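Letter by letter, the chains look like this.
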Amino acid sequence: MNVLREVSQLSVDVAELLRQPGTSRRLEFAEEMEGLSLETGRVQPALTFELRLDSLVEGILVSGQVQGVYDFDCSRCLSPFSEPFSVAVSEVLAYEGQPGAEDGYEISGDHAHLEPVVRDVVMLAMPLKPLCREDCKGLCPICGADLNAEDCGHDRRPTDLRWEPLARLRERVEE
Ligand SMILES: [Zn+2]
Ligand SMILES: [Zn+2]
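Cut-offs used in this document
- Residues numbered from 1 in each chain as written.
- Chains lettered and ligands numbered in written order.
- Predicted model: local features only at pLDDT ≥ 70, side-chain atom pairs only at ≥ 80, totals over all residues.
- Heavy atoms only, no water.
- Phe/Tyr/Trp six-rings, centres within 6.5 Å; stacked < 30°, edge-to-face > 60°.
- Helix = DSSP H or I, 4+ residues; strand = E, 2+ residues; numbered from the N terminus.
- Buried < 20%, exposed > 50% of the residue type's maximum accessible area, 1.4 Å probe, protein only.
- Lys NZ or Arg CZ within 6 Å of the ring centre and 35° of its normal.
- Donors = N, O, S within 2.8 Å, 3.2 Å for Na, K, Ca; no water.
- Tetrahedral: all angles 85-135°; square planar, octahedral: opposite > 155°, others 65-115°.

**Remarks on the packing of aromatic side chains**
- Summed over all chains, the structure comprises 4 aromatic pairs.
- Aromatic pair Phe29 and Phe49: ring centres 4.8 Å apart, planes at 15 degrees, arrangement stacked. Residue Phe29 is found in strand β2 (residues 24–32), and its partner Phe49 is found in strand β5 (residues 46–55); the two are separated by 20 residues along the sequence.
- Residue class for Phe49 comes out buried when judged on its relative accessible area of 2%.
- Ring pairing ties together the aromatic residues Tyr70, Phe72, Phe81 and Phe85, which thus form one cluster.
- Sitting over the face of the ring of Tyr95, Arg19 holds its NZ or CZ atom 3.9 Å from the ring centroid.

**Some points on the coordination of the zinc ion (ligand 2)**
- The protein atoms that coordinate the zinc ion (ligand 2) are Cys140 (SG), Cys143 (SG), Cys152 (SG) and His154 (ND1), at distances spanning 2.0 to 2.4 Å.
- In this structure, the zinc ion (ligand 2) is surrounded by 4 donor atoms whose angles at the metal cover 104 to 115 degrees, and the resulting shape is tetrahedral.
- In the primary structure, the donors to the zinc ion (ligand 2) are separated according to the pattern C-x2-C-x8-C-x1-H. Of the two residues, Cys143 sits in the loop between α2 (115–124) and α3 (164–174) while His154 sits in the loop between α2 and α3, which places them 11 residues apart along the sequence.
- Using a relative accessible area of 31% as the deciding quantity, one classes His154 as partly exposed.

Next up, the structure:
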């Protein structure tokens, strides 16, 4: 086991909760987690945690909130922007040998390793098509201009195929 992980606050000493169903503990701390990213964005390393640990028969329930900031590139206009987030956690870290212990959420010795849980909830909450703003106009498909900043004048109306037969009919009638 590497030293960094031992000193991380995400590796919580839960000795007083072990096998004591009904007992609980609150945790508030800030911790850095590097390397959380998807194709569509990244998580800034500085995260804050407000968690509650509840001792159950089969393990420890971790619940609460993780807060931080996402960095995205807009999926329409490609400009970078940041967005704060707050995601809910509610997962059971099972004792070794209990069902559920095999999926990586586990207690080993007297430490609960919260990192995989946090990694999963923060990544899952990331939008797959981030937008710098709800009505982002995107880039012109013809010249690439950022349409939020300028109107290049190109006709970008998507052709709606459902209306094509009608348009053709109208052309014929007008002839
Ligand atoms: Zn945009
Ligand atoms: Zn254009």
